[in-house]
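# Working through the structure, step by step
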Amino acid sequence: MNTFTPNEDGINDFWDLSDITTSFPNASVKLFNRWGNEVFTTNDYASNPFKGIIDDKEVKSSTYYYVIEIRKDWPTLTGYLTVIK
């Protein structure tokens, strides 16, 4: 899923990557803003999912570029994530 709504209603409140993190818990996940600045990174997404908060502040509706490295010997996954408020 490339869209989520972090509004604390208990539905779609974080970027769900469970399909990846269940099989590859150490996958590297990075998010970049529209200016190319890295705004989120983790190697333990299951424990630290992106919930629409950067530097302790809620993000506004926006689109982010993601880079997910599952394993060194596999192709890197890239694409866009949209946060809707």
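Above: the structure in question.
Everything in this summary refers to the structure shown in the same document. (Residues numbered from 1 in each chain as written. Predicted model: local features only at pLDDT ≥ 70, side-chain atom pairs only at ≥ 80, totals over all residues. Heavy atoms only, no water.)

Moving on, we get to the environment of I11. Inspection of the secondary structure assignment puts I11 in the loop between strand 1 (3–4) and helix 1 (18–23). Spatially, the C-alpha atoms of I11 and E69 are 27 Å apart, while their sequence positions differ by 58 residues. (Helix = DSSP H or I, 4+ residues; strand = E, 2+ residues; numbered from the N terminus.)

It is worth spelling out unusual backbone geometry at this point. The backbone of N12 shows a phi angle near 55 degrees, a positive value even though the residue is not glycine. For N12, the position within the fold is in the loop between strand 1 and helix 1. Of note in this structure, D55 is not a glycine but carries a positive phi near 55 degrees. For D55, the position within the fold is in the loop between strand 4 (53–54) and strand 5 (57–58). Given a relative accessible area of 68%, D55 falls into the exposed group. (Buried < 20%, exposed > 50% of the residue type's maximum accessible area, 1.4 Å probe, protein only.)

Two elements, strand 1 and strand 7 (residues 77–83), share 2 bridges in a ladder whose sense is parallel. Counterpart to T3 in the pairing with strand 7 is T82. (Pairing = 2+ DSSP bridges.)

Glancing now at the sheet that holds strand 6 (residues 62–69). The strand order 1-7-6-2-3 describes an open sheet built from 5 strands, whose pairing is mixed. Whereas interior strands pair on both sides, the edge strands pair on one side only; in this sheet they are strand 1 and strand 3 (38–42). Looking at chain direction, strand 2 (residues 28–32) and strand 3 are connected through 4 bridges and run antiparallel. Its bridge partner lying in strand 3, V29 is registered against T42.

This next bit is on the packing of aromatic side chains. Note on aromatic pairs: each is described by the distance of the centres and the angle between the planes. Taken as a whole and assessed by the stated rule, the structure comprises 8 aromatic pairs. Note on F40 and Y45: the rings are 6.2 Å apart at their centroids and 85 degrees apart in plane angle, and the pair reads as edge-to-face. Accessibility expressed as a relative area gives 10% for F40, which makes it buried. With 6.1 Å between their ring centres and 70 degrees between their planes, F50 and Y64 make a pair best called edge-to-face. With F50 in the loop between strand 3 and strand 4 and Y64 in strand 6, the pair connects residues that are 14 residues apart, well separated along the chain. The exposure classification of F50 matches that of Y64, with both residues buried. (Phe/Tyr/Trp six-rings, centres within 6.5 Å; stacked < 30°, edge-to-face > 60°.)

Next up on the list: the pattern of salt bridges. A full pass over the atoms with the stated rule returns 3 salt bridges. For K72, the salt bridge goes to E69, with nearest N and O atoms at 3.1 Å. Taking the relative accessible area as the measure of exposure, K72 reaches 75% and is therefore exposed. Its salt-bridge partner being D73, residue R71 comes within 2.8 Å of it at the nearest N-O pair. You can call R71 partly exposed: its relative accessible area is 36%. (Salt bridge = Lys/Arg side-chain N within 4 Å of Asp/Glu carboxyl O.)

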